[in-house]
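Fold and contact review
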Amino acid sequence: MGSFMYNFSFQNPTKLIFGEGQMAKLASEIPKDKKVLLIYGGGSIKKNGVYEQVASALSEHQWGEFGGIEANPGFHTAMKAVEKIKAEGFDFLLAVGGGSVCDATKFIAASACFNDDPWKILTEGARIRDALPIGVVLTLPATGSESNPNGVIDNYETQEKLAFYGRKLFPQFAILDPTTTYSLPAKQVANGIVDAYVHTMEQYLTFPVGADLQDRFAEGILRTLANNGPKALSEPENYTVRANVMWSATMALNGLIGLAVPHDWATHFIGHELTALHNMDHGQTLAVILPSMMAEKREQKHEKLLQYGKEVWGIDSGSEEERIDAAIEQTRAFFESLGVKTRLSDYGVEEQHIPALVEALEKHKMVALGEHRDVTPEVSAQVLRRCL
Ligand code: NZQ
Ligand code: ZN
């Protein structure tokens, strides 16, 4: 534990094109000689006008489409897209949708250029040396996938949810038009806000290393989400609110705020097992686990918990332990205020399910999580019991 900022190098190559009416820029961002495959999900883009906007922007391109990417994108569906790409010769992938479509597109882009079984990218961390170029039209602010090199793929046959990474997977550009988010169901708005909030927390709520600017970035995102989150639900067509949520979610996980500081992804990795085994939404898993993780790790995270309570929620009276209790309770109350339940029992997950969840963590080598690598399977089990 030191109080020095960690060394870093930073390069995020994704061009962000933000604001209402930016969809037309697609035409000039994708070279005209590319054969474009538009990849999308279950069809929301065909109901909210986004598909028409994209089609009209691509009127001078040669393009085709592949739909049906699941929320929590499936490995086998991605493989079908790879077959289509190989058969028809697409050489640019355009993801139009939320994090699931972005992640699937990254996996498809890598798999199309991979000479071995792509499953090894997920299970053996096989190196991604090449990938097709990717562009994104984002319709759900949450994951940050639109400008990071990460993804998560689900295998519905083996009931696993596995992460992958590759520098070649940064999208070349991402179009962020907040008006595309007006049509989101309340549940997805709330899930997205929780996801962005927890991404920020896991790069902030660790131990101090003297990274003042990094802390202010993180607190700025947390405060922006806390102020705008409930309004995104009550005033769905408030452009300013939607714009602030969208920009916050991108900045929460595009590399910038995570520079120079320790990270703690334990909540995310435990959450992935809840999605894989109990089909919970990604945001729901995080809303359940984070408050319990904060409570379990209150000693190790003592200083940052006090700072978080004061800077984000204005908690500055009472004993230190009382302030930490209040910070944890405020976090839980925030998630609940968005309509996201914070107990496993709310989702039908019970004590008897914990051993299988912990076994899955062990199978996936998630046995030394957190900023101190001390979230062992026993600690994960303890956190899950706190979540009941
Ligand atoms: O499939 P369609 O019909 O498009 O509907 C989607 C889906 O049902 C709908 N939706 C999206 N935009 C909409 C809309 N409905 C109406 N109007 C719109 N504008 O929302 C539903 C959920 O979409 P999904 O893409 O699954 O949500 P999200 O963006 O939250 O992505 C979740 C996935 O991202 C992964 C998660 O694990 C999960 O698989 N993550 C990816 C990360 C990354 N790449 O860096 C980090 C995250 O921590 C996360 O793990
Ligand atoms: Zn997440």
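A brief look at the structure comes next. Residue numbering note: each chain is counted from 1, following its sequence as written. Chain letters and ligand numbers both follow the written order, the letters beginning at A and the numbers at 1. Predicted model: local features are reported for residues with pLDDT of at least 70 only, side-chain atom pairs are reported and counted for 80 or more only, and whole-chain, interface and lining totals are derived from all residues. Water and hydrogen atoms play no part in the side-chain values, which are based on all heavy atoms of the structure.

As a further point, take helix H4 (residues 75-88). Two residues of an α-helix separated by three or four positions point the same way, owing to the 3.6 residues in each turn. Here a strand is any run of E in DSSP of at least two residues, a helix any run of H or I of at least four, and the numbering for each starts at the N terminus. Under the convention used throughout, the expected extent of a helix is 1.5 Å for every residue step, that is, one less than its residue count. End to end, H4 covers 20 Å across 14 residues, agreeing with the expected 20 Å (1.5 Å per residue, within 8%). Within H4, the full set of buried residues consists of Phe-75, Thr-77, Ala-78, Met-79, Ala-81, Val-82 and Ile-85. By definition in these notes, contact holds between two residues if any of their heavy atoms fall within 4.5 Å. Taken together, the buried residues of H4 touch strand E2 (35-39), strand E3 (62-66), strand E4 (92-97), helix H5 (99-111), helix H6 (119-123) and strand E6 (150-155). Downstream of H4 by a residue or two, Gly-89 has a phi angle that is positive, lying close to 75 degrees. For every residue, the accessible area obtained with a 1.4 Å probe (protein chains only) is divided by the maximum for its type, and the residue is called buried under 20%, exposed over 50%, and partly exposed between those limits.

Quick look at the side chain of His-199 now. Tracing the backbone shows His-199 in helix H7 (residues 186-202). Under the relative-accessibility criterion, His-199 is labelled buried at 3%. The term polar contact refers here to a pair of N or O atoms within 3.5 Å; inside protein, the definition further demands a hydrogen-donor-capable atom paired with an acceptor-capable atom, and it admits residues adjacent in sequence only when both atoms are side-chain atoms. Polar contacts involving the side chain of His-199 include one to the side chain of Asp-195, which spans 2.8 Å. Polar contacts involving the side chain of His-199 include one to the side chain of His-268, which spans 3.0 Å. Setting aside its immediate chain neighbours within four residues, His-199 contacts Ala-142, Thr-143, Ala-252, Leu-253, Trp-265, His-268 and His-282.

A word on a nonpolar patch on the surface. Only residues whose relative accessible area exceeds 30% and that form no salt bridge are eligible for patches; like-charged ones are grouped when within 9 Å, while nonpolar side chains (Val, Leu, Ile, Met, Phe, Trp, Tyr) are grouped when within 5 Å. Reported accessibility uses the Shrake-Rupley method at a 1.4 Å probe radius. Residues are deemed covered only where the shown protein chains occlude them. A carboxyl oxygen of Asp or Glu within 4 Å of a side-chain nitrogen of Lys or Arg is what we treat as a salt bridge. A cluster of nonpolar side chains, contributed by Met-5, Phe-8 and Phe-10, occupies part of the molecular surface with about 300 Å² of accessible area. Topologically, Phe-8 is positioned in the segment before strand E1 (15-18). We classify Phe-8 as partly exposed; its relative accessible area is 47%.

For the rest of this paragraph, the subject is the packing of aromatic side chains. Stacked, tilted and edge-to-face are the three classes applied to pairs of Phe, Tyr and Trp rings, where Trp contributes its six-membered ring and a pair requires centres within 6.5 Å; stacked means planes under 30 degrees apart, edge-to-face means over 60, and tilted covers the rest. One pass over the structure, following the stated rule, counts twelve aromatic pairs. Between Tyr-40 and Tyr-51, the aromatic rings sit 6.5 Å apart at their centres with planes inclined by 65 degrees, giving edge-to-face as the arrangement. A residue pair is termed long-range when its members are at least 10 positions apart, and Tyr-40 in the loop between E2 and helix H2 (44-47) and Tyr-51 in helix H3 (residues 50-57) qualify at eleven residues. For Tyr-51, a relative accessible area of 17% corresponds to the buried category. The interplanar angle of 65 degrees and the centroid separation of 5.2 Å between the aromatic rings of Phe-107 and Phe-164 together place this pair among those described as edge-to-face. Of this pair, Phe-107 sits in helix H5 while Phe-164 sits in strand E7 (residues 160-165), and the two are 57 residues apart along the sequence. Across this residue pair, the class does not change: Phe-107 and Phe-164 are buried. Through a chain of ring-to-ring contacts, three or more aromatic side chains come together here, namely Phe-75, Phe-107, Trp-119 and Phe-164. Lysine NZ or arginine CZ positioned within 6 Å of the ring centre and within 35 degrees of the ring normal marks a charge as sitting over the ring. Positioned over the ring face of Tyr-51 is Lys-46, at 4.5 Å from the centre of the ring.

This part covers helix H15 (residues 377-386). Taken together, the buried positions of H15 are occupied by Pro-377, Val-379, Ser-380, Ala-381, Val-383 and Leu-384. Looking at the buried positions of H15, the neighbouring elements they touch are helix H10 (266-278), helix H11 (282-296) and helix H14 (354-363).

Our focus in this paragraph is the coordination of the zinc ion (ligand 2). Around a metal, the perfect tetrahedron of four donors has angles of 109.5 degrees, and the perfect octahedron of six donors has angles of 90 or 180 degrees. Donor atoms: N, O and S within 2.8 Å of the metal, or within 3.2 Å for Na, K and Ca. Because water is excluded, sites can look incomplete. For the zinc ion (ligand 2), the protein coordination sphere consists of Asp-195 (OD), His-199 (NE2), His-268 (NE2) and His-282 (NE2), at 1.9 to 2.2 Å. Taken in sequence order, the residues that donate to the zinc ion (ligand 2) follow the motif D-x3-H-x68-H-x13-H. Taken together, the residues His-199 in helix H7 and His-282 in helix H11 connect sequence positions 83 residues apart. In this pair, the class of His-199 matches that of His-282, namely buried.

Function cannot be read off these values alone, since they describe shape.
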